[in-house]
Amino acid sequence: MLIFRWLATLLVLSSALAFIFYLGTGRPHYKKLGFLILKWTVVAALTFFVVLFVGRIA
């Protein structure tokens, strides 16, 4: 559980850092990378919570 929290925190921070780089440089590559990291962070979090929910039901 602690590892997941740290991983999620680091992914969100790296996404924010990519958006900061986009604001600083104006290169669309960083914006695309930020959205990609954010998308997979949300997918991983939803998957994690679905597994916890199914574990509680079973």
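Above this text is the structure in question.
The present account deals with the structure reproduced in this document. Since we're looking at a predicted model, the values are computed, not measured.

Let us look at the packing of aromatic side chains. Per the counting criterion, the structure on display carries 4 aromatic pairs. On the numbers, 5.0 Å between centres and 75° between planes, the contact of Phe19 with Phe35 is edge-to-face. Here Phe19, found in helix H1 (residues 2-25), pairs with Phe35, found in helix H2 (residues 28-57); they are 16 residues apart in sequence, far enough to count as distant. Given a relative accessible area of 22%, Phe19 falls into the partly exposed group. Each ring, one from Phe48 and one from Phe49, has its centre 5.5 Å from the other, and the planes form 70°; the classification is edge-to-face. Members of the aromatic cluster, joined through ring pairs, are Phe4, Phe48 and Phe49.

Below, the discussion takes up the packing of H1 against H2. At their nearest, the axes of H1 and H2 sit 8 Å apart, and the two run at 160° to each other. On the basis of the axis angle, H1 is roughly antiparallel to H2. Crossing of H1 over H2 shows left-handed handedness. Each of Phe4, Ala8, Leu11, Val12, Ser14, Ser15, Ala18, Phe19, Phe21, Tyr22 and Thr25 in H1 lies in contact with H2, whose residues at this interface are Pro28, Tyr30, Lys31, Gly34, Phe35, Ile37, Leu38, Thr41, Ala44, Ala45 and Phe48. The residue inventory of the contact of H1 with H2, partitioned by class, reads 16 nonpolar, 5 polar and 1 charged.

Its location among the elements puts Thr41 in helix H2. For Thr41, a relative accessible area of 9% puts it in the buried group. Side-chain polar atoms of Thr41 contact the backbone oxygen of Ile37, separated by 2.7 Å.

About the cut-offs
- Residues numbered from 1 in each chain as written.
- Predicted model: local features only at pLDDT ≥ 70, side-chain atom pairs only at ≥ 80, totals over all residues.
- Heavy atoms only, no water.
- Phe/Tyr/Trp six-rings, centres within 6.5 Å; stacked < 30°, edge-to-face > 60°.
- Helix = DSSP H or I, 4+ residues; strand = E, 2+ residues; numbered from the N terminus.
- Buried < 20%, exposed > 50% of the residue type's maximum accessible area, 1.4 Å probe, protein only.
- Axes fitted to C-alpha atoms, helices over the stretch in contact; angles between N-to-C directions.
- Parallel < 35°, antiparallel > 145°, perpendicular 65-115°, else oblique.
- Left-handed = near helix turned anticlockwise from the far one by under 90°.
- Contact = heavy atoms within 4.5 Å.
- Nonpolar A, V, L, I, M, F, W, Y, C, P; charged D, E, K, R; others polar.
- Polar contact = N/O pair within 3.5 Å; in protein donor to acceptor, adjacent residues only side chain to side chain.

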